[in-house]
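So you can see what is in the structure, the chains are spelled out below.
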Amino acid sequence: MTPEATFSDLLFANEPDAAAWMTGSDSVPNLNGCVKFFSTPFGGTLVAAELFGLPNSSVKHSMNFYAMHIHEFGNCVLPFDKTGNHYNPANMPHPFHAGDLPPILGNQGYGFGVCYTKQFSIEDIIDRSVIIHGKADDFTSQPSGNAGEKIGCGVIRLLKKL
């Protein structure tokens, strides 16, 4: 069995170990969705994000990238300014923080993305936050990729005992 088959099985079963339910900022109030986290038998974490209400949802054929990061603190009180920096336990430069995730491609307000990472375990990220930024990450600028305002936030909550 390949990792892809295992990942497909995890997603199909839809029983994540943790999840963050996303809410939008004042500037993007309709943003919502869920980012799910699954433990894998390969020692890493599978991350699956499904987002609705991203900017330009009413603009036909619109397409934009939005940065997605795990931040230090799980405080999603508006305006999401108490989430701290990117989760970065190894003190690495951007884009090598443990909390640096691939961008989400929004298509007319909808975004879906899945990635696999060995940068953190489920236990490492409980009670931290997932942040969606208003722009794409440039993968260069320090300390956080010049990704723009925080337009979405969700606190990562444990769903089942590990």
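The structure displayed is predicted, hence computed values, not measured ones.

Caption draft 1: View of the pairing of strand E2 (residues 32–39). As paired strands, strand E1 (residues 18–24) and E2 are joined by six bridges and run antiparallel to one another. Opposite Ala20, over in E2, you have Val35 as the bridge partner. Pairing geometry for E2 and strand E3 (residues 45–52), over eight bridges, is antiparallel. If you follow Lys36 over to E3, its bridge partner there is Ala48. Counting the residues between successive antiparallel strands, the hairpin from E2 to E3 contains five residues, one of them, Gly43, with a positive phi of roughly 85 degrees.

Caption draft 2: Inspection of the environment of Met92 at higher detail. Along the chain, Met92 turns up in the loop between strand E4 (63–71) and strand E5 (100–107). In this structure Met92 comes out as partly exposed when scored by relative accessible area, which is 38%. Distance in space between the C-alpha atoms of Met92 and Thr117 is 16 Å, their sequence separation being 25 residues.

Caption draft 3: Broad picture of the packing of aromatic side chains. With the rule as written, the count across this model stands at four aromatic pairs. Ring centres of Phe37 and Phe120 lie 6.5 Å apart, and the angle between their planes is 65 degrees; this geometry places the pair in the edge-to-face category. With a gap of 83 residues between them, Phe37 in strand E2 and Phe120 in the loop between strand E6 (110–117) and helix H2 (122–125) connect regions that are remote in the sequence. Of the residues examined, Phe37 reaches a relative accessible area of 0% and is grouped as buried. Seen in terms of ring centroids, Phe52 and Tyr110 are 5.3 Å apart; in terms of plane orientation they differ by 55 degrees. Their pairing is tilted. Of this pair, Phe52 sits in strand E3 while Tyr110 sits in strand E6, placing them 58 residues apart in sequence. A relative accessible area of 36% places Phe52 in the partly exposed class. Judged by its relative accessible area of 32%, Tyr110 is partly exposed. Among the aromatic residues, those joined into a cluster by ring pairs are Phe7, Phe42 and Tyr116.

Conventions adopted
- Residues numbered from 1 in each chain as written.
- Predicted model: local features only at pLDDT ≥ 70, side-chain atom pairs only at ≥ 80, totals over all residues.
- Heavy atoms only, no water.
- Pairing = 2+ DSSP bridges.
- Helix = DSSP H or I, 4+ residues; strand = E, 2+ residues; numbered from the N terminus.
- Buried < 20%, exposed > 50% of the residue type's maximum accessible area, 1.4 Å probe, protein only.
- Phe/Tyr/Trp six-rings, centres within 6.5 Å; stacked < 30°, edge-to-face > 60°.

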